[in-house]
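Summary of the model geometry
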Amino acid sequence: MQVIILAAGRGQRLSPLTDTTPKPLVEVNGTPLIINALDILSKHHIERFIIVEGYESKQLHDRLGDSYNGIEIIYVHNPDWHKTNNIHSLWLSRDYWNKDTLLMECDIFFEPELIDNLFSSPFENSVMVDAFQSHMDGTVVELTKDHKNITRLIPGKDQDENFNITDKYKTVNIYTFTEKFLREMFRPTIDLYVKINGQNEYYELVLGVIIFMGNKDLTAKICAPSRWFEIDDFTDLQLAEAYFSDDYSLLQKIRKKYGGYWRYDFTDFEYLYNPYFPTQNLYNELRLNLSSLLGNYPSGQLEINNSLANWARIDGSMLAVANGGAELIDLLRKKFIKVTLLQPSFDEYSRGLEKEQMHIIAPFPDSLTHLPQEIVNEVKSSGSNALVLINPNNPTGVRFKHSELSFMFKELKSLDMIILDESFADFIGTGRDTTFLDELEKYPNLIILRSLSKDLGVPGLRLGYIASADLDFISKVRADLPIWHINSVAQYFLDILPKYRNDYAEARAQVIEARDEMGQLLRGVPSLRVIPSYANYFCCELPDGFSSDKVQEELFMGYKLLVKDLGTKQGLPENRYLRIAVKTPEQNRFFVKALTETLSNQ
């Protein structure tokens, strides 16, 4: 048996890595793509490797030589690599189609078990496939009910926006062909196809023709549970490096990131958002309009504010919408002469401030709460011109009662601004009384900030707003923001959001119900101290002898669960606390079970 590896292309989507390096030598966690393939394949009974090369071919020759692990390498040069597709590269190797052959492309990074399983059964004509996942693209196939044979091959160009991929399988770009099949079926078909359609096509289309003609020789080999990844661009490369990292190395990468977790295979209990909203109907409405939204500019600030005003149920003149709450916090920070902050807190409010610009109030150690009268006294004595209150607090989940906030607002009416961050206020309860939006005119220096990522479950859209009765202040904030700072998808989301008000009310109640159940479960974990929470997360103090970084590590490595380590959070004892997001009841129960086992194993 022989192996043909197609390795002629440049891999332009991986530029600048491939500006001077051929794609086969691009590395995943330090191992070049083609070296990974050769290492794995050379452990089996392979007579020779046939490598079709083109771009920067000398580097490939210099790296591999004329043999690999004692197996001969034959190079086939494709001088037209820059103006042809893979059908030409494969066709150039046709003089060597005199043996049973494994055909693969050089950009596949895979585990040894994938090839072990492939060769564990009798050699036959086969297409290796895997169940389609969201990160995949390219050629897919439909299988018979028993998943043994391919009934249809569908290239990417035939997959329109309404294409249903739920029952499809992605080709892995690894194939096995008998010498007889290559000689009697594949060679005549590809010769005719090239003659009619030219060299700028894909050899998968030839297989599609053979299947369409009713040939039953091609079987499907499902590669699961073996892991593989096709590396076409930097997103693929990042995903592959995560997939093929050991769990400890992956956690070290994750600890340096600020999101993008959708790329990775773990359950995120760190970031905070509503798991019950948007509904599928809302997602469908966005999807159906996506092409128009991406192809057009959004409206300006004022029109977007009008949509937001409908949702928030306040006058649009009192609102300024932005590309996430963080954009608004950055503008507010610039107006701080000296600000009083309650610890622990959301770090964005203190980012970039000098020490003398901040007056910090530490919490009571046991409850992690603050007394309103103490806050008033501290603000007045500190000379602060601003106060930040996060209600419920992030990361503790504790809250001030409505009466306590009213008291502080009245006592501190001389401040330039009181910022009330209500990003999690909708989870206090199900009524309108969880917000001060209806009372802004009572407190002219009150600025309410809301990050819609948290309550509406759309962190990817980056939506946030501030509200104030100080219309001059709101006008100045708008003037500091770009005219086009909200993208069209986010704008349309705000446009249609009021239609889903009842769905949101149900989702909000579901979060509260899931939180209350999770709180009860967490309080059952031996020696774990759970801070009562009014948000969609819990702040928990670990038992003596446990450190937050180690527990985070064990949950990730043992259960593929990521939790927020509060070990270095200002205002909390070092390495003592975790913040745990509330997700669906099933996920919450699994997490509590995993945490219980982790704490009982030490």
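The sections below set out a description of the structure shown in this document. Being a predicted model, the structure only gives us computed values, none of them experimental. (Residues numbered from 1 in each chain as written. Predicted model: local features only at pLDDT ≥ 70, side-chain atom pairs only at ≥ 80, totals over all residues. Heavy atoms only, no water.)

**Considerations on the sheet that holds strand S17 (residues 339–342)**
Two strands in a sheet stick together by hydrogen bonds in their backbones, pointing the same way (parallel) or opposite ways (antiparallel). What the seven strands build is an open sheet, ordered S16-S22-S21-S20-S19-S17-S18; its pairing is mixed. If you trace the sheet from one side to the other, it starts and ends with strand S16 (319–322) and strand S18 (358–361), each paired once. Neighbour-to-neighbour, the strand axes of the sheet open up by a mean angle of 20°, direction not taken into account. Pairing between S17 and strand S19 (residues 386–390): three bridges, direction parallel. Across the sheet, Leu341 pairs through a bridge with Val388, a residue of S19. Each of S16, strand S20 (417–421), strand S21 (446–451) and strand S22 (464–467) is contacted by helix H16 (residues 471–480), which is oriented at about 25° to S16, the strand it contacts most. (Pairing = 2+ DSSP bridges. Helix = DSSP H or I, 4+ residues; strand = E, 2+ residues; numbered from the N terminus. Axes fitted to C-alpha atoms, helices over the stretch in contact; angles between N-to-C directions. Contact = heavy atoms within 4.5 Å.)

**Considerations on empty space enclosed by the protein**
Empty pockets left among the atoms are what a rolling probe the size of a water molecule brings to light. If you walk through the whole model with that rule in mind, you get two cavities of 30 Å³ or more. The space that makes up the largest cavity amounts to roughly 40 Å³. Residue lining of the largest cavity: Ile4, Leu90, Trp97, Thr101, Leu103, Phe177, Leu182 and Phe186, and that is the complete set. For the lining of the largest cavity, the secondary structure elements donating two or more residues are strand S7 (101–105) and helix H5 (179–197). Of the residues contributing to the lining of the largest cavity, the split by class is seven nonpolar, one polar and no charged. Taken as a whole, the second largest cavity encloses approximately 30 Å³ of empty space. (1 Å grid on protein atoms, 1.4 Å probe; cavity = no way out; pocket = protein on both sides within 12 Å on 5 of 7 lines; lining within 4 Å. Points joined across faces, edges and corners; volume = space filled by probe spheres on them. Nonpolar A, V, L, I, M, F, W, Y, C, P; charged D, E, K, R; others polar.)

**Comments concerning the sheet that holds strand S15 (residues 267–269)**
The strand order across the open sheet built from five strands is S15-S25-S26-S24-S23, with neighbouring strands paired in mixed fashion. At either margin of the open sheet sits one strand with a lone partner, and together these are S15 and strand S23 (529–530). For strand S25 (residues 561–565) and strand S26 (residues 577–581), the ladder comprises two bridges, and the chain directions are antiparallel. Paired with Lys564 across the bridge in S26 is Arg579. Lying on the sheet, helix H19 (residues 548–559) is in contact with S25 and S26; it crosses S25 at an angle near 170°.

**Some thoughts on helix H14 (residues 402–411)**
Among all positions in H14, only Leu405, Ser406, Met408 and Phe409 are buried. Buried residues in H14, looked at end-on, bunch into an arc of 165°, giving them a common side. What points out from H14, more than 90 degrees from its buried face, is the exposed set Ser403 and Lys410. (Buried < 20%, exposed > 50% of the residue type's maximum accessible area, 1.4 Å probe, protein only. Arc of directions from axis to C-beta.)

**A closer look at the packing of helix H13 (residues 372–382) against H14**
Running from N to C, H13 and H14 point in directions that differ by 20°, and their axes come no closer than 10 Å. Viewed along their axes, H13 and H14 adopt a mutual orientation that is roughly parallel. Note on packing geometry: the crossing formed by H13 with H14 is right-handed. The residues of H14 that touch H13, namely those facing Pro372, Gln373, Ile375, Val376 and Lys380, are Glu404, Phe407, Met408 and Glu411. Considered class by class, the residues forming the contact of H13 with H14 number five nonpolar, one polar and three charged. (Parallel < 35°, antiparallel > 145°, perpendicular 65-115°, else oblique. Left-handed = near helix turned anticlockwise from the far one by under 90°.)

**Points about a nonpolar patch on the surface**
Residues Tyr297, Ile483 and Trp484 make up a contiguous nonpolar surface patch of about 450 Å² in total accessible area. Positionally, Trp484 belongs in the loop between H16 and helix H17 (488–496). A residue is classified by how much of its surface remains accessible, and Trp484, at 53% relative accessible area, is exposed. (Patch = residues over 30% accessible without salt bridge, like charges linked within 9 Å, V, L, I, M, F, W, Y side chains within 5 Å. Areas by Shrake-Rupley, 256 points an atom, 1.4 Å probe, with all protein chains shown as cover. Salt bridge = Lys/Arg side-chain N within 4 Å of Asp/Glu carboxyl O.)

**Things to note about unusual backbone geometry**
What is expected of a backbone is that most residues other than glycine have negative phi and most peptide bonds are trans. With an omega dihedral of 10°, the bond running from Ala224 to Pro225 counts as a cis peptide bond. The step from Gln343 to Pro344 runs through a cis peptide bond, and the omega angle for that step is -10°. Following the sequence through the fold, Pro344 ends up in the loop between S17 and S18. Here Glu56, not a glycine, exhibits a phi torsion of approximately 50°, which is positive.

**A look at the packing of helix H9 (residues 280–288) against H17**
Close contact between H9 and H17 brings their axes to 11 Å; oriented N to C, the two are set at 135°. What the angle tells us is that H9 and H17 run oblique. Note on packing geometry: the crossing formed by H9 with H17 is right-handed. Touching Leu282, Glu285 and Leu286 of H9 are Val489, Tyr492, Phe493 and Ile496, all from H17. Partitioned by chemical class, the residues of the contact of H9 with H17 number six nonpolar, no polar and one charged.

**Some thoughts on the layout of surface pockets**
Space inside the largest pocket adds up to approximately 1,600 Å³. For the largest pocket, the lining is made up of 50 residues, of which Tyr258, Glu270, Tyr271, Lys564 and Arg579 are closest to its centre. At the level of elements, S15, helix H12 (325–333), S21, helix H15 (452–456) and S25 are the ones that each hand at least two residues to the lining of the largest pocket. Its residues assigned to classes, the lining of the largest pocket shows 19 nonpolar, 15 polar and 16 charged. Its volume calculated, the second largest pocket comes out at about 1,000 Å³. If you go around the second largest pocket, you meet 34 residues; those closest to its centre are Arg13, Asn85, Asn86, Glu105 and Tyr202. Breaking the lining of the second largest pocket down by element, the ones donating at least two residues are strand S1 (2–7), helix H3 (86–92), strand S12 (169–177) and helix H6 (204–212).

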